[in-house]
Amino acid sequence: MQAHYDVAVVGGGTAGIIAAVQAGRAGARTLLVEKTGLLGGTITNAEIANPGLFHAWGRPIIAGIGWELVTAAAAESGTALYDAADWTEHAWRQCVRLNPTIFAAIADAAVLDAGVDLHLHTMAARAADAGDRWTLTFCTKTGLVDTTAAAVIDATADANVVTLAGGPVEVEPAPQTATLNLHMHGADLAQVDLKAVDAAFAAEVAAGRMAWTDVGSSGIGASGLLKRGGRNTMHLRAPDAHTSEGRTAVEVAARAIARRLQRFYRAQRGLENLQITAAVETGIRETVGIRGLATVTAGDYLGGRLWPDAVCYSYWPIDLHLDDPNRWVDVRPLKPHTFPTIPRGAMLPVGMRNLIVPGRAAAGDREARSAFRIQATCMAMGQAAGALAVLAARTRTDADAVPAGDLRDLLTAHGAIVPPQA
Ligand SMILES: Cc1cc2nc3c(=O)[nH]c(=O)nc-3n(C[C@H](O)[C@H](O)[C@H](O)COP(=O)(O)OP(=O)(O)OC[C@H]3O[C@@H](n4cnc5c(N)ncnc54)[C@H](O)[C@@H]3O)c2cc1C
């Protein structure tokens, strides 16, 4: 690791990789630190390799580096892209199904080609504003390493750097449920009496050996989970998943569910050879949000507010995954031709200088965050954060004071779509 960087990006996930590539391509000395062995964050480690939404109401709303990497990964794996003109209210049909391993490899190459100094298996340990620069300490496999940076991007999704620096973070006391993405192998459904499987599962629940939420709270039952091949359905509570302790509890609980599901299914006729494997990490929907210079509310989002300092568009319904056996999700679609935007101020924690937070921990109320946490929006915020950090470092100004025109020029030069000035 070098002694000083213009831009340090902590967290190489959905937002962080795009931020680092943007900063590197703009010529900044850029560090990217990631706690796991894989770039891509929730896309790869949790295998939620389904980024959306890049179009809304038939119109491109997010392009730039995120779209470049996503379309490259889709092309390499032979994935057909959706027809953007065929817009329906089922927005999730326009997510792009990716091969997570190939996406991670493409992200590796993009980051390294941009000249970014990449450190995997490295975690933020200390962060402090020293006036003219940030002092940072990282925990590596061989010890603690110190460096400094003119601007820092906290792309940990949990505002870990903001917390380390004593910044304003609000912990969600009852966060959305988490999901461990499962894969089921060895099931020939044509040979299985699905009604009998559901009845056996109901008996296990009645006996207290299984929970309805083991197969998801959507009422799909044990047969429904089988038909989905285990994908993106399980619901479990995930309090304090922004901490190592909370995250440990979630991972252990999720794998215990996977284990008892495999035991249950293998006891059913025709499923004796079923195997369940799972993503390396549980997908976490919600942990914390920063208190930002601007806060996106549900009203702003549903009303398609064009913020004066908007850096990108966003599109997804309000989408809260509930801890309720009778109601899986609270989904509130957007009215036709609504184009919500994300303000720069939502990425800037109150009272902090040159610390930028793109991704799901940006400032919003719960409802708005449940919508703008979507991957394409996190990527667009990441690109905006990368550009903002470069300009702040280059001109020795605070990220809040970087002229909007300069930010727009840099972003559009790198292919991003920036909403018009209100
Ligand atoms: C179950 C589930 C289903 C979803 N379905 C979809 C979908 O279909 N389509 C869609 O577009 N979105 C979906 N989402 C939402 C979306 O995946 C996430 O909200 C988004 O990926 C978050 O991006 P991020 O950059 O904020 O965080 P992440 O992608 O999680 O990146 C954070 C990165 O920071 C790293 N990190 C964390 N702490 C530290 C630290 N202290 N030091 C160093 N590194 C650290 C992590 O390892 C990770 O790589 C889903 C989410 C979940 C959980």
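Residues numbered from 1 in each chain as written. Predicted model: local features only at pLDDT ≥ 70, side-chain atom pairs only at ≥ 80, totals over all residues.

Asks: Summarise the overall build of the protein chain; cite the residues concerned and give the values.
Replies: When its secondary structure is counted, the protein chain shows 11 helices and 17 strands. Radius of gyration (C-alpha) of the protein chain: 21 Å, near the 22 Å computed for a compact globule of 422 residues. Summarising its shape, the C-alpha atoms of the protein chain cover approximately 70 × 50 × 40 Å along the three principal directions. Here the protein chain holds 422 residues, and 52% of them are scored as buried. Sequence separation of 24 or more characterises 75% of the internal contacts of the protein chain that already satisfy a separation of 6 or more. (Helix = DSSP H or I, 4+ residues; strand = E, 2+ residues; numbered from the N terminus. Rg over C-alpha atoms; globule rule 2.2 N^0.38 Å. Buried ≥ 20, exposed ≤ 12 C-beta atoms within 10 Å, placed from the backbone. Contact = placed C-beta atoms within 7 Å.)

Asks: Before we move on, can you summarise the site of the ligand with the specific residues and values?
Replies: Taken together, 38 residues lie around the ligand, and G11, G13, G41, G283 and G359 are the ones closest in. Of all the elements in the fold, those that place two or more residues in the shell around the ligand are helix 1 (14-25), strand 6 (123-129) and helix 10 (375-395). A per-element tally of the shell around the ligand places helix 1 first, with three residues. Grouping the constituent residues of the shell around the ligand by class yields 15 nonpolar, 17 polar and six charged. (Near = placed C-beta within 6 Å. Nonpolar A, V, L, I, M, F, W, Y, C, P; charged D, E, K, R; others polar.)

Asks: Go over unusual backbone geometry with me, naming the residues and quoting the values.
Replies: Glycine aside, negative phi is the norm for most residues, and most peptide bonds take the trans geometry. Of the consecutive residues G52 and L53, the connecting peptide bond is found in the cis state with omega at -10°. Mapping L53 onto the fold places it in the loop between strand 2 (30-33) and strand 3 (55-56). Here A159, not a glycine, exhibits a phi torsion of approximately 50°, which is positive. Assignment of secondary structure puts A159 in the loop between strand 8 (143-154) and helix 4 (160-164). The residue H337 is not glycine, and still its phi comes out positive at about 60°. Along the chain, the position of H337 falls in the loop between strand 15 (329-332) and strand 16 (341-343).

Asks: Go over the packing of helix 2 (residues 64-76) against helix 10 with me, naming the residues and quoting the values.
Replies: For any two helices packed against each other, the geometry is given by the interaxial angle and the distance between the axes. Running from N to C, helix 2 and helix 10 point in directions that differ by 130°, and their axes come no closer than 7 Å. When the interaxial angle is binned, helix 2 and helix 10 end up oblique. Together, G64, I65 and G66 of helix 2 and A376, M379, A380 and Q383 of helix 10 make up the contact between the two elements. Classifying every residue of the contact of helix 2 with helix 10 by side-chain character gives four nonpolar, three polar and no charged. (Axes fitted to C-alpha atoms, helices over the stretch in contact; angles between N-to-C directions. Parallel < 35°, antiparallel > 145°, perpendicular 65-115°, else oblique.)

Asks: A description of the domain arrangement of the protein chain should follow, citing residues and the corresponding values.
Replies: Interface size is commonly expressed as the accessible surface area that is lost when the partners come together. The domains assigned to the protein chain are domain 1 (4-172 + 288-319 + 328-413) and domain 2 (182-278). Domain 1 and domain 2 are separated by 32 Å when their C-alpha centres are compared. With six residues of domain 1 in contact, the opposing surface of domain 2 contributes five residues. Here the side of domain 1 that touches domain 2 is composed, by residue class, of four nonpolar, one polar and one charged. (Domains from an automatic or database assignment.)

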